[in-house]
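Each chain is listed here by its residues.
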Amino acid sequence: GTFVQDKEPAFYLYQQVFVNPKDGKKYSRSGLVCALKLEPYSAGIVLPHEETRNKAKEDRLKLMRATNANPEPIYGLYEDPHQSLAREFALIERMDTPMLEATVDGDTHKLFRIDNDDVIEAIETFFANRRIWIADGHHRYETGLNYKEGVRNANGNPRGPLPCDYLLIVLTSFTDPGIVVLPT
């Protein structure tokens, strides 16, 4: 019962509110929690910036096989120069009640469920031709590719999409104020 699949399609919006230790001001950072279709780096859709080690990938692959799940999201960045999603996310954060909210070490974390069909379609359309830069999770992404290949091969490589074709990711815009002020 720890992992429960949604009955209806949804995205999740994660908001973190924190104080920047350098200037003492409060900032927020938003991220879209979603399933990212696994693509080889050679396709130019998902872009890496660091090398990985086999031992770490082997360990993560054992975990994915044991749980038959993707237990930890990777973190990615995307371009949104006109801040079209940022405006939509700000409206959700102002108008909706979070399904989860917690304050830990002074940081406030909120999670909003996005299940409006029009908003889901707008998000899907926005990302249809976007590239994603992996900010954190190269080992997990490459493990996802290996896991996908193993599951597909074990099932005769069926034509249609399978859950193993996707990986959990949190996506934040390069222009998000929480990224600009505290890049690391």
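Look above for the structure.
Calculation rules
- Residues numbered from 1 in each chain as written.
- Predicted model: local features only at pLDDT ≥ 70, side-chain atom pairs only at ≥ 80, totals over all residues.
- Heavy atoms only, no water.
- Buried < 20%, exposed > 50% of the residue type's maximum accessible area, 1.4 Å probe, protein only.
- Helix = DSSP H or I, 4+ residues; strand = E, 2+ residues; numbered from the N terminus.
- Arc of directions from axis to C-beta.
- Polar contact = N/O pair within 3.5 Å; in protein donor to acceptor, adjacent residues only side chain to side chain.
- Pairing = 2+ DSSP bridges.

Colleague: Explanation requested: helix H3 (residues 117–127) in the structure shown.
Modeller: Every buried residue of H3 is listed here: Val119, Ile120, Ile123, Phe126 and Phe127. Seen end-on, H3 carries its buried residues on one side only, within an arc spanning 125°. Structural note: H3 exposes Asp117, Asp118, Glu121 and Thr125 on the side pointing more than 90 degrees away from its buried face. In this structure asparagine 116 caps H3, since a side-chain oxygen of it lies 2.8 Å from the backbone nitrogen of aspartate 118.

Colleague: Hey, could you run me through the sheet that holds strand S4 (residues 74–78) in this one?
Modeller: Taken together, 8 strands build an open sheet; the order of strands is S3-S7-S4-S8-S2-S1-S6-S5 and the sheet is mixed. In this open sheet, the two edge strands, each paired with only one partner strand, are strand S3 (46–47) and strand S5 (100–104). One ladder, built from 7 bridges, connects strand S1 (residues 11–19) with strand S6 (residues 107–114); its direction is antiparallel. Pairing of leucine 13 across the sheet is with phenylalanine 112, part of S6.

Nothing here speaks to function; it is all geometry.
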